[in-house]
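# Notes for the structure review
For reference, the chains in residue letters:
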Amino acid sequence: MTPRPSSSGPDPKKTAEEKSAAKKAAPPEKAVAKKTTAKKATAKNATSRNATSRNATSRKAAAKAPVATGTTAAKTAAAAKKTVARKAVGKKPVAKKTPARKPAAKKALKKAVPVEVAVSPSLDAVDRERLLAGTHHDPHSVLGAHSVPGGVAFRAFRPYARAVTVLSGELRAELHDDGDGFFSGLVPVQEVPVHRLLVTYERTAQEVDDPYRFLPTLGDLDLHLIGEGRHEQLWQALGAHPVTHEGVAGTRFTVWAPNARGVRVAGGFNFWDGTGHPMRSLGGTGVWELFLPGVGAGELYKFEITRPDGSRTFRADPLARRTEVPPATSSVVHASDYTWGDEEWLARRAAAPAHEAPLSVYEVHLASWRPGLTYRELAEQLPAYVADLGFTHVELMPVAEHPFGGSWGYQVTGFYAPTARLGDPDDFKYLVDRLHQAGIGVLMDWVPAHFPRDDWALAEFDGRPLYEHSDPLRAAHPDWGTLEFDFGRREVRNFLVANAVYWCEEFHIDGLRVDAVASMLYLDYSREPGQWTPNEHGGRENLDAVAFLQEMNATVYRRVPGVVTVAEESTAWDGVTRATHHKGPSGFGGLGFGLKWNMGWMHDSLEYMSHEPVHRKYHHGEMTFSMVYAYSENYVLPISHDEVVHGKKSLVSKMPGDWWQQRANERAYLGFMWAHPGKQLLFMGQEFAQGAEWSEAHGPDWWLLDPGYGAAADHRGMRDLVRDLNTVYRVTPALWQRDTHPSGFAWVVGDAAEDNVLAFLRLDADGTPLLAVSNFAPVVRPDYRLGVPDDVPAWHEVLNTDAARYGGGDVGNPDPVKPEPQGWHGRPASVRLTLPPLSTVWLRPA
């Protein structure tokens, strides 16, 4: 990966000028609220007199004001402060459709009998101040309805309201105005009734359910698992979820913020003023919760967190399952109604483990593959294209939400939300579904190593280091300007492990390619002496990260049969793809990945190919060294996006020689790669020999394939070769069945450096061979003798990268080649082949 600088969302802090403008723009009730808030206890009598006077006025207004449900009244009451709210959090309020009021509610209102309300026990001054300041940990204990001597005490906190009336059946009880947006009263009933509130504003009124009459929406088991860091479906407990709670439809908001002094919900439904919607803390778990009736899918929201120092910050939901389109930064309440159609795919994907099955991967950056296409539009083109080329899987560069497109998705702020740039989460499900229905697996890049410092996202989320390590030396990533996760904190591990499960279970992802594993494993990664602290054993290994990766892999493999995890790990760490319970020489259990990127093979082989053929004999070992360690891990051979950007040139442009030789070199290289032990991965654009580096701004140069372009045949020929490589590969078990076992490979000649020739056999479980021969010299080698087994009566050429239809010279072996009894290369028989220049040929038993 190649990250770029992170970006920041809107700043929720007001400037002095904005605050002054807000004060002038505030409606009368807001001005009164602000004035009374600033007064001390000695000024309470004056406040009460003002409230009494205003109460009389509000009763007259209530008689005239229309009654409405939903958020219409709030919209009218807050119209004058829209601009202020926008400046406070950088968002435009979203008008919510006003649901029709039920006939029963109308009938109850007509029959309602006014009840004389006594003065209820006064709200404690400390509680009052904490609610106003956003630092109350248990607002439900003082707001809502509570049985007290003499009846039921009702208390509501409705800033900017003129009056609040309790409605329950035939009961109608107008509460006393206590100032600062507080309303209370003692109603002479024996038990707490099911009730609603009629809230009257300056020009209208609304009938709503009281959020503070509901029990918590999270149960003890959820809280226990969260506290233990073992909630494997964490996304079902935290975040925003439209639910029906105690018979009322609304949204449950929950967030983990253990250092917060208080948390409130702000969004389009309250015009980005969370004053009246404080959340309650659910014990020692650090989880805050609030059920808001009437709030549904599509609403924008953030959490307004009061930090330990008393300052406030607006934060996007770490577990939001949908976000606004960047650069906007709000979270969006989401409810999925997608119906999957990939049952057949899911039923058969676990038939064989990935390392024993054909796996040929086409790597894609969705936003630039066909720039401008949405998830659903991509679903109409990408599956057909990939299926036509014969790839078994696609690998999607990071899909999770990220603020800066230039990071290619590797600096994530919304770990549970597919990027909104291309559509909503159900649209992304549709794309995955269509790929599965086309017989194509979906791997996804996953980035659990680090996150950007945007002040509306995870960095110091609740005012202190939370998701990042508390030690600045451990938190700051030296290369990318990001923050590393604190893998030693159980809640953070839970956040990430559940995230891996989430993509596999909710979006049917078939595998996760885990980015930057090496940066996680080593405490001294990119750090100089004195910039890191050894572990408890005095070593450089990050033991917390090791434990996290083992837990993640074990959990994913246990919960989701048929998936594969792939490590982008660039060092010689022992046991990346070994089982977690099997210890190696280092004393560590394996990390538990299914596959590992072979970065060594990639660097060595590309270095060899970049040399002029006359010099390649001096670098022959760069092509053979990979077989020294080929079976130490389960490998993928990656020609990824990282190799075709930032001055590294595209694959064809890395090759020496003129245009014909460059294409011939790439064809020979791909033929060698597909025959080499390990799975294949090729980045988009390289399948048709794009000459330019990849750019996320415009994607592949598709115009090169336009029949009207003079050299289109050259590029189409390369794509035809890739299609044929995949076709032969998939039907030839010798090329994939024993990728991870030495019995699946045998050198024929690996030391022909002077000739620039490499030849080897691949064997399937039954011993059926495929002979692969690469000639990396620009000359034809006729009658080139190679030793072969004596039990094959004849060999047939099944693929030749020099074929004319690929743009080659069409030199080869069109007729079956029969072995001769002359021993060669230590084998009892031999064949004489014509080796085309700069080519790879494959032969199977005829």
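Criteria and cut-off values
Residues numbered from 1 in each chain as written. Predicted model: local features only at pLDDT ≥ 70, side-chain atom pairs only at ≥ 80, totals over all residues. Heavy atoms only, no water. Helix = DSSP H or I, 4+ residues; strand = E, 2+ residues; numbered from the N terminus. Buried < 20%, exposed > 50% of the residue type's maximum accessible area, 1.4 Å probe, protein only. Pairing = 2+ DSSP bridges. Axes fitted to C-alpha atoms, helices over the stretch in contact; angles between N-to-C directions. Contact = heavy atoms within 4.5 Å. Polar contact = N/O pair within 3.5 Å; in protein donor to acceptor, adjacent residues only side chain to side chain. Parallel < 35°, antiparallel > 145°, perpendicular 65-115°, else oblique. Nonpolar A, V, L, I, M, F, W, Y, C, P; charged D, E, K, R; others polar. Phe/Tyr/Trp six-rings, centres within 6.5 Å; stacked < 30°, edge-to-face > 60°. Lys NZ or Arg CZ within 6 Å of the ring centre and 35° of its normal. pLDDT = per-residue confidence, 0-100.

### Digging into unusual backbone geometry
- Geometrically, the link from Pro-326 to Pro-327 is a cis peptide bond, its omega value of 15° lying close to zero.
- Among the secondary structure elements, Pro-327 is positioned in the loop between β17 (312-315) and β18 (331-332).
- Despite not being glycine, Asp-180 has its phi angle at roughly 60°, a positive value.
- Asp-180 sits in the buried class, given a relative accessible area of 8%.

### Quick look at the sheet that holds strand β8 (residues 182-187)
- Pairing is antiparallel in the open sheet, where 4 strands are placed in the order β3-β4-β8-β7. The two strands at the open ends of the sheet, each matched to only one other strand, are β3 (144-148) and β7 (176-179). Taking the axes of each pair of neighbouring strands and ignoring which way they run, one obtains an average angle of 25° across the sheet.
- Pairing of β7 with β8, which is carried by 3 bridges, proceeds in the antiparallel orientation. Of the residues in β8, the one forming a bridge with His-176 is Ser-184.
- Strands β4 (151-157), β7 and β8 of the sheet are contacted by helix α7 (residues 125-133), whose axis makes an angle of about 135° with β8.

### A word on the environment of Arg-280
- Of note, Arg-280 is situated in strand β14 (residues 280-281).
- Judged by relative accessible area, which is 8%, Arg-280 ranks as buried.
- Separated by 17 residues in the primary sequence, Arg-280 and Val-263 have C-alpha atoms spaced 7.8 Å apart.
- Looking at Arg-280, its side chain comes within polar contact range of the main-chain oxygen of Phe-214, at 3.0 Å.
- Engagement of the side chain of Arg-280 in a polar contact is seen with the side chain of Glu-289, the distance being 2.7 Å.

### Digging into the packing of helix α20 (residues 659-675) against helix α21 (residues 712-730)
- Where α20 contacts α21, the axes come no closer than 11 Å and their chain directions differ by 10°. By the angle between their directions, the pair α20 and α21 is classed as roughly parallel. Two secondary-structure elements touch here, α20 through Trp-659, Arg-663, Glu-666, Arg-667, Leu-670, Gly-671 and Trp-674 and α21 through Asp-714, His-715, Met-718, Leu-721, Val-722, Leu-725, Asn-726 and Tyr-729.
- For the contact of α20 with α21, a count of residues per class yields 8 nonpolar, 3 polar and 4 charged.

### A look at the packing of aromatic side chains
- A complete count under the given rule lists 45 aromatic pairs for this structure.
- Seen from their ring centres, Tyr-629 and Tyr-635 are 5.9 Å apart, and the 80° between their planes marks the pair as edge-to-face. Across the pair, Tyr-635 and Tyr-629 agree in class, each one buried.
- For the pair Phe-672 and Phe-760, a centre-to-centre distance of 6.2 Å together with 75° between the ring planes defines the contact as edge-to-face. A residue pair is termed long-range when its members are at least 10 positions apart, and Phe-672 in helix α20 and Phe-760 in strand β32 (residues 757-763) qualify at 88 residues.
- Between Lys-429 and the ring centre of Phe-507, over which it is positioned, the NZ or CZ distance is 5.4 Å.
- The side chain of Arg-785 reaches across the aromatic face of Trp-824, ending 5.6 Å from its centre.

### A short note on the confidence of the model for the protein chain
- When pLDDT is averaged along the protein chain, the result is 89; 87% of the residues meet or exceed 70.
- Contacts for the low-pLDDT stretch residues 1-110, under 50 throughout, to residues beyond four places or in other chains number 180 contacts.

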